[in-house]
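# Inside the fold
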Amino acid sequence: MHKQINSGSTPLTILDGIDVQIRSGETVAIIGTSGSGKTTLLSLLAGLDLPSAGEIALDGQRLTGMSEDQRAALRAGRVGFVFQSFQLLGGFTALENVMLPVELAGRGDAEARAREALAQVGLSARLQHYPYQLSGGEQQRVAIARAFAGEPKILFADEPTGNLDTATGARVIELLFGLNRSRRATLVLVTHDAALAARCERVLTLRDGQLHAA
Amino acid sequence: MRHSLRYALHRLRRGWRSGDLLVLALALAVAVAAASAVNLFTERVRAALDHQSGDAIGADLIYSAHDPLPASLAQAVNASGAHGVGVVQFASVVTRGAAMSLASIKAVSDGYPARGSVTLSSEPFGPTRSASGIPARGEAWVDLKLWTALNLKPGAEVQAGNAQFRVSAIIVRAPDSGGYMDLAPGFMINADDLPASKLLTPGARAQYSLMVAATAAQLHTLGALPVPAGVRRTTPQDARPEIRAALQRAGQFIDIAVLAATLLAAVAIALSAHQYGLRMRDEVALLKCLGARERFIGQALLLTLLLLGALAGAAGAALGWLAQEAIARLLAGLMQIALPPASLLPLAQAWGLGLLMLLGFAVPPVLAARRDAPIRVFQRDAGGSGFGRGIGLAAALAAAALLWLQTGEPRLAAEVFAGAMATLATLALLSWLLVLALAPLRKRVGASWRFGLGNLSRRRGATVAQAVALGLALHALLMITVVRQDLLSSWQKHLPADTPNQFLVNIQGDQRDRLEKFFGAHGYPPLELVPMARGRLVALNGKPVSGDSFDDPETQRWINRGFNLSSADTLRDDNTLTGGSWWGNSGDGKPWLSADTYAVEHLHLKLGDRVTIDFAGQPIELTLRSIRKIRWDSFRPNFFLLTPPGTLDAVPRQWIASFYLPPANRTLLRELIAAFPNVTPLDIGAAMAQVRGIIDRIVRAIECVFLFALAAGLTVLLATIQGTRRDRVRETALLRALGASSSMIVRGLLAEYAVLGLLSGTVAALTAQVVTWVLADTVFHIPYGPRPLIWLTGALTGCAIVTLLGWLSLRPVLKTPPTVALQTG
């Protein structure tokens, strides 16, 4: 697949002939320098955006030709996200933030699942806290609980430790990989931390818009 | 300074392009536009109405004195470009054969009346016409009282002084007749006949007047001239209490509309500035990291706002000017009055008002951002400046100053301020309770609704703040649309179609039964007969007084004319007790007195004072027991002085009656005069039609003024909704990434706004009811009861407006692509 964006009068190629397959249950790290197109690739794989040319299939379903809503419906209950900047809703408590994807998937047991997920990341005592009352590490743990609460088949993580100090980042990563193992989910991780990438089964390097196996 | 100016200009351009400053600019422009349009339009309408009510006294200005007016006065009037008409009025006897009557003789010069016109007819109750000039030499126009008293016929010759006059017309109405209580029969002649008639002997008591027709500018010039000693200056506002009452009430309505518009615009400015301040915090932290000092940032932010204020203020002033011009043109035909041109002063005032609002409501919250700690660059939640006490204090001070400027009275301003604060507190409390009540509902509704309701009850603080702002706007909208209608129509209903339009005066005691039978036989409802005794003030608290004991010429004239007193045991609803207590049934026969505030002010009375009045040689000492305020625009017989029934039984009295005569039944008056020759009917229909016409025009003008308050209210709604825009973008992107469909996001948003609108509409209906009731009771003195329908109207209107505005302004946000969730920090 290819991805171009129109920057001024000249089109800018971000991804140029990417061909990759990620198997169910696999853990894959995408690394590369800043501006190499890592986050763009992640958003295309997750169906948040469509390629300029080529095709993408998510969980066996072709995304090409799908509307924004059809892609959203595909994600609901199947895909989980962990963002670099946590992306918790400020007006929602930790519990309510974690309930959100379960509610969106239309499942009735949102609260029970959310409580369980928060217990797994060690935040049972912080259920009713708002994001601003939590530390950065705690916020990212809530985000991880949210990602797993819907029991997704595929988990996308965008620089999950990018906003955390080393020690906190390490704890968050332990949690992420631990939960992923127990749920047997597919994990696609964007990072420029080589040590973090090394924990994945496969590492893909993006350079000049093209993928190179490490 | 140069650097901060450059940064400010840059920030202004960027804020404009990104839309960050758009709502603030809009709020400011609306505030200035509303204030300038209202100020300009009100000034023009007031000037026009003042001019219009010149009809009420037959001139825009009257100079009068008991001696011939100094020639310098007429010269000054001519020099100003205005036009003056001389009138001399005095009492003399008019005879026809053996019949004679005391008459009030008015000798008029060419150009009389200066404003309005005299209405004439050729026979009693015959067809009427407007006079085209003044009586010709040797001719006289008489009123119905004199016509009846002398048993005249068309063309009859009468004698006045040494001269013979041919009666050529009956005066139906003259603009300068002294209202319906002017009882002396009228006789109008050409002033050129005066010397030959020898009617006016040296030393005779006469009133010399100069009636002036002038433009607003000429009036202004004349107003600045000193009034010679012994000369009285009367303007339409000093005359005719019923017109004065109508104009005063109109002013109150307009003031309320202006206040509502200003306060709402202030809320919109405060809201959008607060939001802008919050958005500036990251940038400020970054600037500090890069080495910018707080002083530089403060200067830059202040300059940004001042530049924005100057631009938005100018745009607002231009808009206001155009708007008032458009309204004036739109209403020109409808209002049937020519508006004088607008002056530039109100524009400057409105611009100054905008600046005050900017300094009070926008500058403090935006400047608060300059104190943000640079560490915020790393930790967004660190070093918050929040909503400081200083910001609240500045806003409160600015609000107080605004109210003071707009009302011109510290006490009224304080009352309105307290009322506004109480309204805000009530809105907040009720919203909070309703949000609490929402929480259990969430579990019983579908996913979108649950999300919408959840958004509301989860962000309780933000929801309450939003509901208060929306509630305030809706409160104003409700007051402006629904309640305004109620208030204005109750005012118009002051003069229902069957308000008495005829007074009967000079009814003798033994004629009352016969008169009642006469009206009964003609199918009229029972007459309201009011006794009236005439007396002269002779002593106050035992000390002899006369007209000369008072300096004020108006008081002197009133005392010299004599007092009309009546008796009553009930206080009618057009009288409001302002001091002492009403005697009710317990006063029968007691020497007690109740006085209108006019009498209290002019005679310097206080409760308990003893007033001695001489009734044709019988002095009676009366003690002041209560003070009343008469609503003169009720058009019912009212008296400055009242006693309990029975007190004046021993003195000579006559009775007054009022009734409604349908225009088609005018022949009844002929039968009445034939059966009761001494009874004089007075037609007050024309005066009532005049007041009604003024009220109708004012109501239309007020409706236009209220439109600006409406625009200000809508800006508050917009500011409230726009304030959540950034959060919405982020949320929408996240929800999409997590798998929500667009229809679900739209439904959630609509549900949220529908419930928010319903909630704030309900709360607003409650406060609008209470505030209107307080206004009706304390300011307008208009009966006003609860309106159950307003609850439904309020809730549904709130729901519809908030949902629609929310959807319109957030529709682009709903298209946010999910990739934004990966980009925003």
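Here is what the cut-offs are and how they apply
Residues numbered from 1 in each chain as written. Chains lettered and ligands numbered in written order. Predicted model: local features only at pLDDT ≥ 70, side-chain atom pairs only at ≥ 80, totals over all residues. Helix = DSSP H or I, 4+ residues; strand = E, 2+ residues; numbered from the N terminus. Buried ≥ 20, exposed ≤ 12 C-beta atoms within 10 Å, placed from the backbone. Contact = placed C-beta atoms within 7 Å. pLDDT = per-residue confidence, 0-100. Pairing = 2+ DSSP bridges. Axes fitted to C-alpha atoms, helices over the stretch in contact; angles between N-to-C directions. Core = buried A, V, L, I, M, F, W, Y, C linked by C-beta atoms within 7 Å. Nonpolar A, V, L, I, M, F, W, Y, C, P; charged D, E, K, R; others polar. Arc of directions from axis to C-beta. Expected span 1.5 Å × (residues − 1). Parallel < 35°, antiparallel > 145°, perpendicular 65-115°, else oblique. Left-handed = near helix turned anticlockwise from the far one by under 90°.

Helix and strand content of chain A: 7 helices and 10 strands. Counting all 214 residues of chain A, 48% fall into the buried class. Excluding contacts between residues fewer than 6 apart, the proportion of contacts in chain A whose partners are at least 24 apart in sequence is 70%.

Looking now at the overall build of chain B. Broken down by element type, chain B carries 22 helices and 22 strands. Per-residue burial over chain B gives 44% buried out of 825 residues. Restricting to contacts in chain B with at least 6 residues of sequence separation, those with at least 24 account for 85%.

All names here are of chain B. When pLDDT is averaged across chain B, the result is 81; 85% of the residues are at 70 or more. The least confident element of chain B is helix H18 (residues 685-722), whose mean pLDDT is 71; the most confident is strand S17 (residues 592-596), at 95. On the interface metric, ipTM, the complex scores 0.83, and its pTM is 0.64.

Okay, the sheet that holds strand S7 (residues 154-158) of chain A next. Residue and element names in this part refer to chain A. Spatially, the 6 strands line up as an open sheet ordered S6-S7-S8-S3-S9-S10, and their pairing is mixed. Across the chains shown, the open sheet's two edge strands, defined by having one partner strand only, are strand S6 (79-82) and strand S10 (210-213). The mean angle between the axes of side-by-side strands here comes to 20°, regardless of whether they run parallel or antiparallel. Here 5 bridges tie S7 to strand S8 (residues 186-190), and the two strands are oriented parallel to one another. If you follow Asp158 over to S8, its bridge partner there is Val190. Helix H1 (residues 38-45) rests against strand S3 (27-32), S7, S8 and strand S9 (202-207) of the sheet, and its axis sits at about 155° to S8.

All names here are of chain A. Most of S3 is tucked away: 5 of the 6 residues are buried. The pairing of S3 with S8 spans 4 bridges and is classified as parallel. The residue of S8 that forms the bridge with Ala29 is Leu189. Bridge count between S3 and S9: 5 bridges; the pairing is parallel. From the neighbouring strand, Gly32 faces S9, where its bridge partner is Leu206.

Attention now moves to the nonpolar core. Residue and element names in this part refer to chain B. In terms of nonpolar packing, the biggest core is built from 190 residues, with Leu264, Ala265 and Ile269 touching the most fellow members. With 20 residues, the top contributor of residues to this core is helix H7 (residues 241-289). For Ala265, the residues in contact, after removing those within four places along its chain, are Ala27, Val30, Ala31, Ala34, Met357, Ala712 and Thr715. Ranked by size, the runner-up nonpolar core spans 51 residues in total, among them Ala107, Ala169, Ile189 and Leu210.

The next point concerns the environment of B:Val258. Residues and elements named next belong to chain B. Tracing the backbone through its elements, the reader meets Val258 in helix H7. Judged by C-beta crowding, with 21 C-beta atoms within 10 Å, Val258 ranks as buried. Distance in space between the C-alpha atoms of Val258 and Phe708 is 8.3 Å, their sequence separation being 450 residues. Filtering out sequence-adjacent residues up to four positions away, Val258 remains in contact with Val38 and Gln406.

Turning our attention to unusual backbone geometry. Along the chain, B:Tyr112 connects to B:Pro113 via a cis peptide bond; the corresponding omega equals -10°. Mapping B:Pro113 onto the fold places it in the loop between strand S3 (99-108) and strand S4 (119-121).

Here we come to the interface of chain A and chain B. One frequently used descriptor of interface size is the decrease in accessible area upon assembly of the parts. Contact residues are listed per partner, giving 28 residues for chain A and 21 residues for chain B. Taken together, the residues of the side of chain A that touches chain B sort by class into 14 nonpolar, 7 polar and 7 charged.

Residue and element names in this part refer to chain A. Listed in full, the buried residues belonging to helix H2 (residues 68-75) are Arg71, Ala72 and Arg75. Within H2, the buried residues cover an arc of 105° as seen down the axis, which keeps them to one side. Of the residues one or two after H2, Gly77 is the one with positive phi, at around 80°.

Position of B:Ser132 relative to the elements: it lies in the loop between strand S5 (128-130) and strand S6 (139-143). Sequence separation between B:Ser132 and B:Thr119 is 13 residues; the distance between their C-alpha atoms is 9.5 Å.

All names here are of chain B. If you check helix H1 (residues 2-18), its first and last C-alpha atoms are 24 Å apart, about what 17 residues at 1.5 Å a residue would give, namely 24 Å. Those residues of H1 lying buried are Ser4, Ala8 and Arg11. Down the axis of H1, the smallest arc covering the buried residues is 70°, so these residues share one side. Set apart from the buried face of H1 by more than 90 degrees, the exposed residues are Arg2, His3, Arg6, His10, Arg13 and Arg17.

Before going further, it helps to examine the packing of helix H4 (residues 110-120) of chain A against helix H5 (residues 136-149) of chain A. All names here are of chain A. The geometry of H4 relative to H5 is characterised by a closest axis approach of 9 Å and an angle of 130° between their N-to-C directions. By the angle between their directions, the pair H4 and H5 is classed as oblique. In this structure, H4 crosses over H5, and the sense of that crossing is right-handed. Side by side, H4 and H5 meet where Arg113, Ala114, Ala117, Leu118 and Gln120 of the first sit next to Ala145, Phe148 and Ala149 of the second. In terms of residue class, the contact of H4 with H5 is built from 6 nonpolar, 1 polar and 1 charged.

Where a strand is regular, its side chains alternate between the two sheet faces. All names here are of chain A. Here 6 bridges tie strand S1 (residues 2-7) to strand S2 (residues 10-16), and the two strands are oriented antiparallel to one another. If you follow Asn6 over to S2, its bridge partner there is Pro11. Count of turn residues in the S1/S2 antiparallel hairpin: 2 residues, of which Gly8 carries a positive phi of about 70°.

Residues and elements named next belong to chain A. Put simply, helix H3 (residues 94-104) and H4 touch, their axes get as near as 8 Å, and they point 125° apart. The angle between H3 and H4 falls in the class oblique. You can see that H3 and H4 cross each other, and the crossing is right-handed. Counted together, Ala94, Leu95, Val98, Met99, Val102 and Glu103 of H3 and Ala110, Glu111, Arg113, Ala114, Arg115, Ala117 and Leu118 of H4 form the full contact between these two elements.

The next point concerns the environment of B:Arg460. All names here are of chain B. Its place among the elements puts Arg460 in helix H13 (residues 460-492). Among the residues examined, Arg460 registers 16 C-beta atoms within 10 Å and is labelled partly exposed. Put simply, Arg460 and Trp432 are 28 residues apart on the chain and 7.5 Å apart in space, counted from C-alpha to C-alpha.

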